[in-house]
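Commentary on secondary and tertiary structure
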Amino acid sequence: MAALPAKLLKVALIVSIPGGLYLLGVNKHAERGALRQAAVELTPACKAKLQDYALRPGGQYRSPYLKKMTGSWSELRGYSEEDVRAIQRGCNIVDDTQGQLARDGARERWNSTRYSRSTHSSCEHCHQGVGDKQDAAGKRLVGSNGLAASWVMADMYDRFTGLLLPYELRQMQCYINSSNGFKPNAADDLLRDVTAYSRFLAAALDVKIGNRYPEQGMDEIPASATLRRGDDYVRGAYMYREKCATCHGPQGLGTVVQGRVLYPALAGAESFSFDSRMNFARIDTVMPGFICRNMPPGAEGSLDNQQCRDIAIYLSTLPRPAGDKQGPLVAAWQQLMMTVMPPLTRYAESLGRNDTPRVPD
Amino acid sequence: MNAIISALPRILPAVRRNLLVGLTLAVVTLPQAIAFSTTLAGLPPHFGIYAAIWGVLFTAILNPARVFSGGPNTTMSAAIGVTLLPLAPPFGADYIGYALTLILLAGLIQMLFLLIRPLGRMLDLISEPIINGLICGIGLFLIFKSLTGFAGLPINTEVEWPLWIAWQSFQSVLEIGNLYAIEIGLITLITSLVVRQIDALRNWAILIGVAAGTSYSAWLNATVGLQNTMIEQIANLSSVGFVFPSLPVFNQEALPDVIAILPGAVTLALLGLFQTVAAMRRMNRKIGGYTDSRKGIFADAVSNCLLPFLSSLPTCASFNRMWLVYNLGGQSRWTSASSALILLLMVLFLADLIAIIPMPALAAIIMLVGANMINWEDIKPHLNNRREAVVFMASFLSVLFLDLFGAVVVGSVLAIAYSKWEQAHPDISLRGNVLKIRGNIYYGSLPVIESTYHGAIARVGEVILDFSECYYIDQEGIRWLAAAKAEQKGAFVDRRRDQDRRTVERAGMTSRRGDENPRKNQRRRKPDRRRRSDF
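In this text the structure is predicted, and so the values were computed from the model without any measurement.

**Some points on the overall build of chain A**
- Each helix and strand in chain A was counted, giving 14 helices and six strands.
- When the backbone C-alpha atoms are referred to their principal axes, chain A occupies close to 85 × 70 × 40 Å.
- When burial is assessed residue by residue, chain A has 43% of its 361 residues classed as buried.
- A sequence separation of at least 24 residues applies to 65% of the contacts in chain A between residues at least 6 apart.

Right, dumping it as structure tokens:
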């Protein structure tokens, strides 16, 4: 008879554990639902951007940008309140992925920090101007990695991965490689809201599906676009010290002030991984293109092609996280290098400096 | 003709019993076959079904073991998914082509294991703790992997270390999972688990669970509507007929990818062979018979070379299903063969019912199968012995922290290291001035023997080396013994040559052989069975 109560207890356990998890799931769903309904507090950059593009709920949408650039309006289907909130959240995510400007931190950004090992990374670092970089006249800049132009190129053949790359999958790659993290699920609000924002930008800028625009991606710089002196990381290191080190730090570890990332890391644990397209050792045209078109801020275009390639190859020699494709051994080795190299380099550089006298042993 | 009719009354009960066991086996296998192919391998459901038909039939014909059941396998299906997901979108034409190529390559590699005898023997070096560690790790991996399917979320299209992803998938299930899907999955899971508590229905638990999940899903479709629940269903089994011929791709554009999947093919081949050899070994011991494991390798290799031409998953032995057949009283391999034929009939006539099975229910089945693979009764014995525990944990963790290929490599290396370690550490005991060595004297064990020998000489002065229980001495061992002899510090005794301690004492330290022993014919040494098998 003792077997019967034991069996009943087992059945009760079988029912109650999944049942408890189900209730927890229902609770979490409700929490998400409430967050979707809540009013969105915009970051300053997003506030300005969305105001410029006159985003508001309504039956029709007319883009002020289009009026300014072409002199004519075009009528598009408008956005519901739900759509507007999704677009606003998407803009926030692009501008401040880690939630450093948010009152509630990463929770307001759909727990984005869960998917990123790097504490520096933000979409805005590569997709500048909240994913829509323009000059003073409102002209979109070549190779500025604009999100609207990316959206209209979504689902097309990607020559780096050999896939017909959906927009969600591309965003996953950003999380995995550029922020050295994990992929959010394709159905996660984190990806859907950024997609919504990118689609809104495409509507506001009047870019059309399937077209190639100059602001899409990087304006890549292959070796053939230089005088073919060869890429040299020694020259690159020199250029880096001259042009980049004041913001990104002498070893490219970034600048963080009072918990806020002012300039992101280009090397070390907080940086992009080996698998990132930004890694010169993997794709040798993307990072030079980014540097030439977007760096240094305010003086874009001041570096020549060879200098950009030199800086990029120098950055690829610095220790950074291994990607998922490299496996655990390389990951462990890179971890060791990222721990050991910065103090060693600091020490070595202190030895070589002429202005500081060497301390005798 | 008359002979057949007269034999009928004798044969009929056996035939009936075989058919009944075959029916049970078919019913148990069907939902698993569909679940393995759709949720694990990323292939259309008919791949699993054909594996349960043709894979079972081929292995039943080719493998002479009394109780044997092949068919689709969780681990192999998962290996297909893990290998191919980075290459192409699942269920697509490219993916299916690569899958067929992968299976054929695995079959050919298995053929190598058959043709090169020492390779086949290597499989016997995989010890039980390694197999059980792999199986437990893969069981846990299956549970993690089916989380997204359980909640109706898109599957992951890139493969990373499963352990890191699992926690995030779990959080995604709680936060953004499709609640209808979760309900269907939970109903399937709870029903199966509860039914399993009833002994009479134990074997039917999975089928009843799937039936409950499917009924709930059908009710949801009727009340809420499929367009609102957005539940994925099996659907469209129209392609399933008697046979569905297919061709692996080997064209020029595919070659780089074919080369890229080679490690996956090795993994697939090894995972299959490990399980077949281990399952046959366990079955032999449980039912007290013996079938050479080479026969199993032969059956698997030939079947896996044929199956990719029939749109089927690869096959390997399933210990659980074999145990089920044995317990139900299935006595010949025709039981498995009859299950294949019954399954074929079921698929031909029940395709409409199979089509409405919801995917979350299948994910729940994968979870159950994964949980069943983690069996405390199998693990417990390994935790009593420290060395076994280390090997078990290493192979268990390697599945979770590396990928399947890494786990197979770690498992194989551990197996070889394990057996070498055993051989390199003979049991050496010093009693008085007699140093007794039980084990091998060879290059690997000599350092251990030498250190004890020299330690003993330092303490005792002169040592008698007793190697009557040595079963192997290699050339280096002989040279060392000769050198030790030349040093005049040691004497040898070998009781197998009818020499014992008293003879040595009587004849003095320099004597080598006591040849006048009256008990010469009474004390025969035991036949040395291990000599050949250990090397």
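**Comments concerning the overall build of chain B**
- When its secondary structure is counted, chain B shows 24 helices and four strands.
- Out of the 535 residues in chain B, the part that is buried amounts to 47%.
- The long-range fraction of contacts in chain B, counting pairs at least 24 apart against all pairs at least 6 apart in sequence, stands at 76%.

**A closer look at the domain arrangement of chain A**
Residues and elements named next belong to chain A.
- By the assigned domains, chain A splits into domain 1 (41-205) and domain 2 (223-346).
- On a C-alpha basis, the centres of domain 1 and domain 2 stand 25 Å from each other.
- Taken together, the 17 residues of domain 1 in the interface contact 22 residues of domain 2.
- When residues of the side of domain 1 that touches domain 2 are traced back to their parent elements, those giving at least two are helix 5 (123-126) and helix 8 (167-178).
- Among the elements that make up the side of domain 1 that touches domain 2, the one with the highest residue count is helix 8 (three residues).
- Taken together, the residues of the side of domain 1 that touches domain 2 break down into five nonpolar, 12 polar and no charged.

**Side note on the sheet that holds strand 3 (residues 463-473) of chain B**
Residues and elements named next belong to chain B.
- Taken together, the four strands give an open sheet; going across it, the order is 1-2-3-4, and neighbouring strands pair in mixed fashion. On the outer flanks of this sheet lie strand 1 (427-431) and strand 4 (490-493), each paired with one strand and no other. Going across the sheet, the axis of each strand differs from the next one's by a mean of 25 degrees, ignoring polarity.
- When strand 1 meets strand 2 (residues 434-441), the two strands line up antiparallel, connected through five bridges. Counted as the bridge partner of Ser429 is Lys436 from strand 2.
- Helix 21 (residues 446-460) rests against strand 1, strand 2 and strand 3 of the sheet, and its axis sits at about 175 degrees to strand 2.

**Some points on the interface of chain B and chain A**
- Between chain B and chain A, the contact holds 26 residues from the first and 22 residues from the second.
- Breaking the side of chain B that touches chain A down by element, the ones donating at least two residues are helix 8 (162-176) and helix 9 (179-196) of chain B.
- The element contributing the most residues to the side of chain B that touches chain A is helix 8 of chain B, with eight residues.

**A closer look at the packing of helix 6 (residues 128-145) of chain B against helix 19 (residues 386-401) of chain B**
Residues and elements named next belong to chain B.
- One can describe the packing of helix 6 onto helix 19 by two numbers: an axis separation of 7 Å at closest approach and a directional angle of 35 degrees. The two elements helix 6 and helix 19 cross, and the hand of that crossing is right-handed. Contacts between helix 6 and helix 19 involve Pro129, Ile130, Asn132, Gly133, Leu134, Cys136, Gly137, Ile138, Leu140 and Phe141 on the former and, on the latter, Glu388, Val391, Phe392, Met393, Ala394, Ser395, Phe396, Val399 and Leu400.
- Within the contact of helix 6 with helix 19, the residues separate by chemical class into 14 nonpolar, four polar and one charged.

**With respect to helix 19 of chain B**
All names here are of chain B.
- Counted at 1.5 Å a residue, the expected span for helix 19 with its 16 residues is 22 Å, and the 22 Å between its end C-alpha atoms agrees.
- Regarding helix 19, the residues found buried are Val391, Phe392, Ser395, Phe396, Ser398 and Val399. Taken down its axis, helix 19 places every buried residue within 160 degrees of arc, on the same side.

**Some details on the packing of helix 10 (residues 205-223) of chain B against helix 17 (residues 359-373) of chain B**
Residue and element names in this part refer to chain B.
- Where helix 10 meets helix 17, the closest approach of the two axes is 9 Å, and the angle between their N-to-C directions is 155 degrees. Classified by the angle their axes make, helix 10 and helix 17 are roughly antiparallel. Both helix 10 and helix 17 take part in a crossing whose hand is right-handed. In contact with Ile206, Gly209, Val210, Gly213 and Thr214 of helix 10, helix 17 contributes Ala361, Ala364, Ile365 and Leu368.
- Considering only residue class, the contact of helix 10 with helix 17 consists of six nonpolar, three polar and no charged.

**A few points about unusual backbone geometry**
- Following A:Met295, the chain continues to A:Pro296 via a peptide bond in cis, the omega torsion being -20 degrees.
- Among the structural elements, A:Pro296 can be located in the loop between helix 12 (286-294) and helix 13 (305-317).
- A positive phi angle, near 50 degrees, is found at A:Gln258, a position not held by glycine.
- Its identity as a non-glycine residue notwithstanding, B:Phe91 has a phi of 70 degrees, on the positive side.
- Summarising the element assignment, B:Phe91 is placed in the loop between helix 3 (74-84) and helix 4 (93-115).
- Residue B:Phe91 is classed as exposed on the basis of its C-beta count, with 11 C-beta atoms lying within 10 Å.

**Remarks on the nonpolar core**
- Membership of the largest hydrophobic core comes to 131 residues, with the highest contact counts inside it found for B:Ile53, B:Ala99, B:Leu102 and B:Ile365.
- With near-sequence residues (within four places) excluded, B:Ile365 lies in contact with B:Pro31, B:Gln32, B:Ala35, B:Thr188, B:Ile206 and B:Val210.
- Counting residues in hydrophobic clusters, the runner-up holds 35 residues, among them A:Trp151, A:Leu201, A:Ala203 and A:Val207.

**Some points on the pairing of strand 4 of chain B**
Residues and elements named next belong to chain B.
- Across four bridges, the pairing between strand 3 and strand 4 is parallel. Among the inter-strand pairings, Ile464 is bridged to a residue of strand 4, identified as Ala491.
- You can see the chain leave strand 3, run along helix 22 (residues 475-486) and come back into strand 4, and the turn it takes is right-handed.

**Here's the deal with the environment of A:Met239**
Residues and elements named next belong to chain A.
- Considering the arrangement of structural elements, one finds Met239 in helix 10 (residues 233-243).
- Separated by 12 residues in the primary sequence, Met239 and Leu227 place their C-alpha atoms 17 Å from one another.
- If sequence neighbours within four positions are ignored, Met239 has contacts with Gln307, Asp310 and Ile311.

Cut-offs and rules
Residues numbered from 1 in each chain as written. Chains lettered and ligands numbered in written order. Predicted model: local features only at pLDDT ≥ 70, side-chain atom pairs only at ≥ 80, totals over all residues. Helix = DSSP H or I, 4+ residues; strand = E, 2+ residues; numbered from the N terminus. Buried ≥ 20, exposed ≤ 12 C-beta atoms within 10 Å, placed from the backbone. Contact = placed C-beta atoms within 7 Å. Domains from an automatic or database assignment. Nonpolar A, V, L, I, M, F, W, Y, C, P; charged D, E, K, R; others polar. Pairing = 2+ DSSP bridges. Axes fitted to C-alpha atoms, helices over the stretch in contact; angles between N-to-C directions. Left-handed = near helix turned anticlockwise from the far one by under 90°. Expected span 1.5 Å × (residues − 1). Arc of directions from axis to C-beta. Parallel < 35°, antiparallel > 145°, perpendicular 65-115°, else oblique. Core = buried A, V, L, I, M, F, W, Y, C linked by C-beta atoms within 7 Å. Right-handed = clockwise from strand over helix to strand, strands pointing away.

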